Each structure stands twice: as C-alpha cells, then as structure tokens.
Amino acid sequence: MQIIVTHGRYARTRALDLPAWKLTIVLTFLVALLLALSGAIYHFVFLKAAREGWPVVSQVVKLVVRDEIAQRDRFMRENLDAMASKVGEMQAKLMKLESMGERVSGLAGLKPEDFRGLDRPSPAPSGSALGDGRGGPYLPVESPSMVQLNQAIAALDEGADRRSDVFTLVESRLLETRLRALMVPSSAPVDGPVGSGFGFRTDPFTGRGALHTGLDFPADTGTPILAAAGGVVLSAETHPAYGRTVELDHGNGLVTRYAHAAKLLVAPGDLIRRGQKIAEVGSTGRSTGPHLHFEVLVDGAPQDPAKFLAQAGRLPANSVARATTHAAQAR
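Computed from a predicted structure; not experimentally measured. (Residues numbered from 1 in each chain as written. Predicted model: local features only at pLDDT ≥ 70, side-chain atom pairs only at ≥ 80, totals over all residues. Heavy atoms only, no water.)

## A few points about the pairing of strand β12 (residues 291-298)
Selection rule: When accessible area is computed with a 1.4 Å probe and restricted to protein chains, residues below 20% of their type maximum are described as buried, those above 50% as exposed, and intermediate ones as partly exposed. Helix and strand labels come from DSSP, where a helix needs a run of H or I of at least four residues and a strand needs a run of E of at least two; each type is numbered from the N terminus. The rule for pairing is simple: two strands pair if DSSP sees at least two bridges between them.
The element β12 is largely enclosed, with a buried count of 7 among its 8 residues. In the sheet, strand β5 (residues 215-218) pairs with β12 via 4 bridges, with the strands oriented antiparallel. Residue pairing across strands places phenylalanine 217 opposite leucine 292, the latter belonging to β12. Two elements, strand β9 (residues 254-264) and β12, share 6 bridges in a ladder whose sense is antiparallel. Residue pairing in the sheet places tyrosine 258 in a bridge with phenylalanine 294 of β12. Where β12 meets strand β13 (residues 301-303), 3 bridges bridge the pair, whose relative direction is antiparallel. Note on β13: the bridge partner recorded for leucine 297 is proline 302.

Written out as structure tokens, the structure is:
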C-alpha cells in the first residue's frame, strides 16, 4: 500500500510504502488503542457519573445498569424455575420408590419395627416446642428461592439415603430367605418313582409291622445320588443296617441321610451344594435290592421326606399318594 503526503508551502510530495503486514500491525494497534480509550472513558466518566449523580450521564448509566440487572435476574429466575421443576420430578420419583419399597419389604417379610432405626427425627418448626406431624408431596412454589431449593434438595438427599437403606435391608432379607431355601431338602435325591413311603409297613425281613423312617427310591446300581439341599457332610461311613451311608448337616438341626449306597463320593467336612452327586445307588446293609433309602431328621426326629419334596414340586403327586397308600395298607 502506498501513501502520498503533500505539503502546500513547499509543494513537495512524499510517498510512503507500507507493506500489508505493517498495515495490519498499525490497524491492530489503533483498534487496541480505541478499546483502551473506551474502557478508560467508561471507568472514569460513566462510573464516576453514576456515583456522583451527574445530571444526564448518571441517568443513562442507571438505565444501562438496570437493564443488565433485569436480564441477570430474568436469567436466574428461569434457571430457578427449571431447577424447581426438576426437584418436583425427583420428588415424584422418590415417592414411587417409597411405595415400591413398602411393597417389596412386605413381600420380603419385613415388619414395621424392622425399620425403626431408619426413622430420622425431623427438626421442629421455629417457634414450636413440639414438631407437628407433617408430610405430603413437595410442590414447588411459583417463584422458589435458592434457600427453598436447597432445602428441597437436602430433603431429597436424605430421602434417597433412607430408601437406599431400606432396599439394602430388603436385599439382605431376600438373600437370607434364599439361602434358607437352599438349605431345605426339597430336591429329589434320585430321578425316579418312590417305592416305599414314610410310616408303618410290613418289614421285608421279619414280616412284622415296623416303622419305615424314610422314602425308598428303587433304581439301578450305580444311579447317581444327589444332595437334596446344600450343606456339610456330617458323616460318610458304613453302617450295619444302613450300609454305606452319607449324612448331610443343613443347619438348624436339619439332617438328611442317604443309605444303602454302593459307592460314597464325599468325605466328612466337605461342603456340598444342592444337586451335587454324593454317592451311587447300591444294596449294601439291610436291603433286599438296589435302592436309595432317604431320610430327613429334625433334631434327630425322623420326618416325612415326601412333605419337603412335594411342597417344592420335586416329587410327583402320584408318587406321594402311592407311597402313602402303601404305608397305610401295611399298618
């Protein structure tokens, strides 16, 4: 770029050549200078005019400031309204969770006294010696303040913590119930029909009436014998009457016995899961043929295993009826 400078008195002309980069620097400098001047004018003139109350300038400054404050208030109000709407939605979701928690806790068998420790006292209202009963859904006011929103959020946080504690307790109780169910002998130890049931029958060796303390499952030699429930091997030994026998301890005085086995596959102290193979069907001990003699004992007293198996649907109803009829006819 070329700039020509003339002087009227001497009629002399001077030409200046400015490259593009120099021109850019000059323009940038001028813009920065204008910005600095405008900032200085605003700081030293308008602010001073607003503080000292100059007749005209102060009014203009007040209008500008008032407009800025109005815009900022409107922006904050819109944000507060949006936050209040979100808080209302969170309150509704928390109420649904509370209702669900009550239903689930009822299904889990929890009682109101189980949640007594979860109740946290609420502070009494100011000016009241006692805290009156309060409740109901949270409804945001038309123009909520930041303090009100903070209080609502704090209440939501406390409610969420309480619901979390409730669901943790429910989960613990459900797991406890599941573990207890796993320890109940409700799975048939042999896949097959029941021969002789629990009760009095004619003894196959003496021909006289005698109490049969378990269920007999006729099966081929070598048929797998499965654990009716999880537990610990109490004994695995040979008995004069029961032959090769396994006893499983399921806790709470509950024991299952598997007798007349041909082969034992576990040892005392082994941890057994439900359905695990623990022995094979045989005809050892006081037996007339290959079968499994299965007993359930509670505190040492024999119980009818068919009741446990039938309640869980692991034993066909006709098998239970046939075993019961067989025992009744033998009395």
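## What about the environment of glutamine 303?
Going by this rule: Between two residues, a contact is recorded if the distance between any of their heavy atoms is within 4.5 Å. Definition of a polar contact: a pair of N or O atoms within 3.5 Å, with one able to donate and the other able to accept a hydrogen when the atoms are protein atoms, and with sequence-neighbouring residues admitted only if both atoms are side-chain atoms.
The residue glutamine 303 is located in strand β13 in this model. Residues in contact with glutamine 303, not counting those within four places in the same chain, are Phe198, Thr213, Val296, Val298 and Phe308. A distance of 3.4 Å separates the side chain of glutamine 303 from the backbone oxygen of alanine 301, its partner in a polar contact.

## A short note on the layout of surface pockets
To find leftover empty space, a probe the size of one water molecule is rolled over the atoms. Counted only if it meets this: Throughout, the protein atoms alone are placed on a 1 Å grid, and a set of points is a cavity if a 1.4 Å probe fits but cannot get out or a pocket if it is open with protein on both sides within 12 Å along at least five of seven lines; lining residues have an atom within 4 Å of a point. Grid points are joined across faces, edges and corners, and a volume is the space filled by probe spheres set on the points. Here the term charged refers only to Asp, Glu, Lys and Arg, the term nonpolar to Ala, Val, Leu, Ile, Met, Phe, Trp, Tyr, Cys and Pro, and the term polar to all other amino acids, Gly among them.
Quantified by volume, the second largest pocket comes out at close to 490 Å³. Taken together, 27 residues make up the lining of the second largest pocket; nearest its centre are Arg201, Pro204, His212, Asp216 and Arg286. For the lining of the second largest pocket, the secondary structure elements donating two or more residues are β3 (199-202), β4 (209-212), β5 and β12. Looking at the lining of the second largest pocket residue by residue, the class counts come to 10 nonpolar, 12 polar and 5 charged.

## Remarks on unusual backbone geometry
What is expected of a backbone is that most residues other than glycine have negative phi and most peptide bonds are trans. We note that asparagine 252 has phi near 55°; this positive angle belongs to a residue other than glycine. A positive phi angle, near 65°, is found at histidine 260, a position not held by glycine. By the element assignment, histidine 260 lies in strand β9.

## Looking at the side chain of serine 186
Residue position: serine 186 is located in the loop between α3 (146-182) and β3. Given a relative accessible area of 11%, serine 186 falls into the buried group. For serine 186, the side chain forms a polar contact with the side chain of arginine 274, separated by 3.1 Å.

## Quick notes on the confidence of the model for the protein chain
Our working rule: Per-residue confidence from the prediction method is given by pLDDT, with values spanning 0 to 100.
Across the protein chain, pLDDT averages 77, with 69% of residues at or above 70. A low-confidence stretch, residues 316-331 stays under pLDDT 50, and its non-local contacts, those more than four residues away or across chains, total 18 contacts.

## A look at the side chain of serine 196
Note that serine 196 resides in the loop between α3 and β3. At 3.0 Å, the side chain of serine 196 forms a polar contact with the side chain of arginine 201.

## Some remarks on the pattern of salt bridges
Note the cut-off: For salt bridges, the criterion is a side-chain nitrogen of Lys or Arg within 4 Å of an Asp or Glu carboxyl oxygen.
Inspection of every chain in the model, using the stated rule, returns 5 salt bridges. Aspartate 203 is the partner of arginine 286 in a salt bridge, and the nearest nitrogen-oxygen pair spans 3.0 Å. Here arginine 286 is found in the loop between β11 (277-281) and β12, whereas its partner aspartate 203 is found in the loop between β3 and β4, with 83 residues between them in sequence. Using a relative accessible area of 41% as the deciding quantity, one classes arginine 286 as partly exposed. Residue aspartate 203 is classed as buried on the basis of its relative accessible area of 9%. The partner of lysine 277 in a salt bridge is glutamate 280, and the shortest N-O contact between them spans 3.3 Å.

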